[in-house]
Amino acid sequence: MTTMIAALERLRPVRRTRTTHARRRESLTALGMATPAVVLLIVFLVVPVALAFALAFTDARLISPTPARFVGLRNFTLLFQDPVFYKSLRNTAYFAAVVVPLQAGLALVLALLVNAKVRGVNFFRTVYFLPVVTSMVVVSLLWTFLYRQDGLVNHVISTLTLGRVDGPDWLGDPATAMPAIILMSVWQGVGFHMIIWLAGLQTIPAELYEAADLDGAGRWHRFRHVTWPGLRATRTFVLVTITIAAFSLFTQIRVMTQGGPLDSTTTVVHQAVHTGYDQQQTAYAAAISLVFFVLVLSVSLVQRFLTREKD
């Protein structure tokens, strides 16, 4: 017995050493697999944010023979005195306030429709999702032609009204330019969030619907007491992603209106890009980007707080 105990005591350091080596190999393997992602994050996220933060306090230009000089808060002082910046903020807020509920609600309705077990439902899922896989530049160019005064949209309006109503200059009128872009953006993006809602719907246990049917619940009560609570996590994800995308509005503006007419469609991102590349005011564009970052972060945190799970 004493001999056996002594042998076990001698084996313990060997087992401990093997376990340590195994853990070390696992750590090195995990580090090697994570390294490419970490490098990409540093190069394309951390470094640009650090450069933007540093440039915002200088007078750097995109192409300039003189080196950048530290100017303190001058760029931010000029920014908050810039009327175009406040127009950009208002346009961005207007776009987000309309697109977020409209796109989320329409996507949920479509998800509920295509979630039904009927023949041909896969065809409708494909049709609704098709605009998502189309490049935003291509979609913007297509809708630019549709919105022309002699385009298809005005032709349909004239046909339906028997020639009594002529459609407006959708992208040339400050009153209709942003609503036209909103309509196109919702049409292009609703299919993606329909898929997200659909994935959330399919995670709700069928037993809950069966219990609701046994209790005699109608469609509205089933949606209110079963479907909507079951979509809590999906709801948060959809709202946050649509909000971030809405605040990042740029491609449609760049292709369709270039911020006009009369700055009625310019946004914060468009102003930053236009200032940094077209006007070569890199430092001023960096200041706009930092303000935009703080704005989006604040809105996302508030939205996350309002949609959090309450005990």
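Conventions adopted
Residues numbered from 1 in each chain as written. Predicted model: local features only at pLDDT ≥ 70, side-chain atom pairs only at ≥ 80, totals over all residues. Heavy atoms only, no water. Helix = DSSP H or I, 4+ residues; strand = E, 2+ residues; numbered from the N terminus. Rg over C-alpha atoms; globule rule 2.2 N^0.38 Å. Contact = heavy atoms within 4.5 Å. Areas by Shrake-Rupley, 256 points an atom, 1.4 Å probe, with all protein chains shown as cover. Lys, Arg positive; Asp, Glu negative; His and termini not counted. Charge placed at Lys NZ, Arg CZ, Asp CG, Glu CD. Salt bridge = Lys/Arg side-chain N within 4 Å of Asp/Glu carboxyl O. Phe/Tyr/Trp six-rings, centres within 6.5 Å; stacked < 30°, edge-to-face > 60°. Buried < 20%, exposed > 50% of the residue type's maximum accessible area, 1.4 Å probe, protein only. Lys NZ or Arg CZ within 6 Å of the ring centre and 35° of its normal. UniProt positions renumbered as here; feature names shortened; annotations may be inferred. Axes fitted to C-alpha atoms, helices over the stretch in contact; angles between N-to-C directions. Parallel < 35°, antiparallel > 145°, perpendicular 65-115°, else oblique. Left-handed = near helix turned anticlockwise from the far one by under 90°. Nonpolar A, V, L, I, M, F, W, Y, C, P; charged D, E, K, R; others polar. Arc of directions from axis to C-beta. Polar contact = N/O pair within 3.5 Å; in protein donor to acceptor, adjacent residues only side chain to side chain.

**Notes on the overall build of the protein**
Then step 1. In terms of helices and strands, the protein carries 13 helices and 0 strands.
Then step 2. By the compact-globule yardstick of 19 Å for 311 residues, the protein is too spread out, its C-alpha radius of gyration being 28 Å.
Then step 3. With respect to the principal axes defined by its C-alpha atoms, the protein has extents near 105 × 75 × 35 Å.
Then step 4. If you take every contact in the protein between residues at least 6 apart in sequence, the share linking residues at least 24 apart comes to 68%.
Then step 5. A total accessible area of about 19600 Å² is found for the protein, and carbon and sulfur atoms account for 67% of it.
Then step 6. Side chains of the protein carry 27 positive and 16 negative charges; the gap between the two charge centres is 12 Å.

**Some words on the pattern of salt bridges**
Then step 1. Inspection of every chain in the model, using the stated rule, returns 4 salt bridges.
Then step 2. D59 is paired through a salt bridge with R69; the nearest N and O atoms lie 3.0 Å apart. Here the residue D59 occupies a position in the loop between α1 (2-55) and α2 (74-79), and R69 occupies one in the loop between α1 and α2, the gap between them amounting to 10 residues.

**Some thoughts on unusual backbone geometry**
Then step 1. The residue after G260, namely P261, is reached through a cis peptide bond having omega -5°.
Then step 2. Its location among the elements puts P261 in the loop between α11 (251-256) and α12 (268-278).
Then step 3. With phi around 55°, Q258 is a residue other than glycine that occupies positive phi space.
Then step 4. Positionally, Q258 belongs in the loop between α11 and α12.
Then step 5. If you check the backbone angles, D263 has positive phi at about 60° while not being a glycine.
Then step 6. In this structure, D263 sits in the loop between α11 and α12.

**Here we look at the environment of Q202**
Then step 1. Summarising the element assignment, Q202 is placed in the loop between α7 (177-201) and α8 (206-214).
Then step 2. Put simply, Q202 and L231 are 29 residues apart on the chain and 9.9 Å apart in space, counted from C-alpha to C-alpha.
Then step 3. If we ignore the near neighbours within four places in the chain, the residues touching Q202 are N115 and R125.

**What to know about the packing of aromatic side chains**
Then step 1. In the structure shown here, the tally under the stated rule is 10 aromatic pairs.
Then step 2. Taken together, a centroid distance of 5.9 Å and an interplanar angle of 40° make the contact between Y147 and W170 tilted. One end of the pair, Y147, is in the loop between α5 (136-146) and α6 (152-160); the other, W170, is in the loop between α6 and α7, and 23 residues separate them in sequence. Comparing Y147 with W170 shows no difference in burial state: the two are buried.
Then step 3. Taking the centre distance of 6.0 Å and the plane angle of 35° together, the rings of F223 and W228 count as tilted.
Then step 4. Of the residues examined, W228 reaches a relative accessible area of 33% and is grouped as partly exposed.
Then step 5. Three or more aromatic residues joined by ring pairs form one cluster here, namely W143, Y147, W170 and W187.
Then step 6. Above the ring of W228, the side-chain terminus of R235 is found at 4.3 Å from the ring centroid.

**Section: the UniProt feature "transmembrane region" (unreviewed entry) in the protein**
Then step 1. When the UniProt feature table is mapped to this numbering, "transmembrane region" (unreviewed entry) covers residues 28-57, 93-114, 126-146, 177-199, 237-255 and 283-302.
Then step 2. The span residues 126-146 carries 71% helix and 0% strand; its end-to-end C-alpha distance comes to 23 Å.
Then step 3. The span residues 283-302 shows a helical share of 100% and a strand share of 0%, and its end C-alpha atoms are spaced 29 Å apart.

**So, the packing of α12 against helix α13 (residues 282-306)**
Then step 1. Direction vectors running N to C along α12 and α13 enclose 165°, while the axes themselves pass 8 Å from each other. If you check the angle between α12 and α13, you find them roughly antiparallel. Between α12 and α13 the crossing geometry is left-handed. Two secondary-structure elements touch here, α12 through V268, V269, Q271, A272, T275 and G276 and α13 through T282, Y284, A285, I288, S289 and F292.
Then step 2. Residue composition of the contact of α12 with α13, grouped by class: 7 nonpolar, 5 polar and no charged.

**Re α5**
Then step 1. Residues M136, V139, S140, W143 and L146 constitute the buried set of α5. The buried side chains of α5 occupy one side of the element, clustering within an arc of 115° when seen end-on.
Then step 2. Where α5 is buried, its residues meet α6, α7 and α11.
Then step 3. For α5, the N-terminal capping position is held by S135, with its side-chain oxygen 3.3 Å away from the main-chain nitrogen of V137.

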